[in-house]
Amino acid sequence: MKKKVKIIVDAIMSIALVILLSFSVTGQLVHEITGTLMLALFITHHILNGKWIKAVAKGKYTPIRIYQTTLTAFCLVCMAGSAISGIILSRYVFGFVDIPSGLETARKAHMLFAYLGMIFMSLHIGVHLAKIKSKLLLALLCIISAVGVYSFAALDIIDYLTLKIMFVPSGQSILVSLGYICIIILFATVSMLVSKIILRKK
């Protein structure tokens, strides 16, 4: 039962991530509601994986464990950064939090943590896909990843990560959301392959 709940929580988080990245399609209110849901799911995810968290300081650290723990730590930092900056910028859900100064810094932080979070969460997902052995599924993931490479360039993700672009363009279509899905699959696939290599060396 607990395993099924974990899968459901992780699936909803993946969907929420795509919705959050599609700000220009959904608008501010949906973005804030989804962001709040994502934070709640993130906390739930760690509660459900409490046994793993308690064991962080115990046992031997193998290469795959080091890789997974590092990604988890970066995901935590990105989520915390996104949540704090998002609350500061909120106009609806946390509109009662009145912080008149530091909005520009919060906007930059929110943009940076959002896109870094997308990458690290995708890499984190990839670790759990390492057990996939189906050649057909692997081929499909590689094909979608190729589209992800194109989407990564077309959507100027590097410019967002380097803060050259500070605002998401308005009027984007649902195709943008599909592009983000392909990017997520791209990084998840890369991480899956890296994990397979690490496990094979072991």
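Here is a short report on the structure shown in this document. (Residues numbered from 1 in each chain as written. Predicted model: local features only at pLDDT ≥ 70, side-chain atom pairs only at ≥ 80, totals over all residues. Heavy atoms only, no water.)

**Focus: the overall build of the protein chain**
A tally of helices and strands in the protein chain yields nine helices and zero strands. Listing each helix as α and each strand as β along the protein chain from the N terminus yields α-α-α-α-α-α-α-α-α. In terms of overall dimensions, the protein chain is globule-like: its C-alpha atoms have a radius of gyration of 18 Å, near the 17 Å expected for 202 residues. Projected onto its principal axes, the C-alpha positions of the protein chain cover 50 × 40 × 30 Å. The buried share of the protein chain, taken over its 202 residues, is 38%. Carbon and sulfur atoms make up 74% of the accessible area of the protein chain, which amounts to about 11,900 Å² in all. Distance from the positive charge centre (20 side chains) to the negative charge centre (6 side chains) of the protein chain: 26 Å. (Helix = DSSP H or I, 4+ residues; strand = E, 2+ residues; numbered from the N terminus. Rg over C-alpha atoms; globule rule 2.2 N^0.38 Å. Buried < 20%, exposed > 50% of the residue type's maximum accessible area, 1.4 Å probe, protein only. Areas by Shrake-Rupley, 256 points an atom, 1.4 Å probe, with all protein chains shown as cover. Lys, Arg positive; Asp, Glu negative; His and termini not counted. Charge placed at Lys NZ, Arg CZ, Asp CG, Glu CD.)

**Comments concerning the packing of aromatic side chains**
Scanning all chains against the criterion turns up five aromatic pairs. Seen from their ring centres, phenylalanine 74 and phenylalanine 120 are 4.6 Å apart, and the 10 degrees between their planes marks the pair as stacked. Here phenylalanine 74, found in helix α5 (residues 63-89), pairs with phenylalanine 120, found in helix α6 (residues 103-127); they are 46 residues apart in sequence, far enough to count as distant. For phenylalanine 120, a relative accessible area of 17% corresponds to the buried category. One aromatic cluster in this structure is built from Tyr115, Tyr160 and Tyr180. (Phe/Tyr/Trp six-rings, centres within 6.5 Å; stacked < 30°, edge-to-face > 60°.)

**Remarks on the packing of helix α1 (residues 2-21) against α6**
Across the interface, α1 lies against α6 with an axial gap of 11 Å and an inter-helix angle of 155 degrees. Judged by the inter-axis angle, α1 sits roughly antiparallel to α6. Along this stretch, α1 crosses α6, giving a crossing that reads as left-handed. Two secondary-structure elements touch here, α1 through Met13, Ser14, Leu17 and Leu21 and α6 through Ala114, Tyr115, Met118, Met121 and Ile125. Of the residues assigned to the contact of α1 with α6, the class counts are eight nonpolar, one polar and no charged. (Axes fitted to C-alpha atoms, helices over the stretch in contact; angles between N-to-C directions. Parallel < 35°, antiparallel > 145°, perpendicular 65-115°, else oblique. Left-handed = near helix turned anticlockwise from the far one by under 90°. Contact = heavy atoms within 4.5 Å. Nonpolar A, V, L, I, M, F, W, Y, C, P; charged D, E, K, R; others polar.)

**Focus: helix α3 (residues 28-48)**
If you check α3, its first and last C-alpha atoms are 30 Å apart, about what 21 residues at 1.5 Å a residue would give, namely 30 Å. Regarding α3, the residues found buried are Gln28, His31, Glu32, Thr34, Met38, Leu41, Phe42, His45, His46 and Leu48. Next to the buried residues of α3 lie α1, α2 (23-26), α4 (50-54), α5 and α6. (Expected span 1.5 Å × (residues − 1).)

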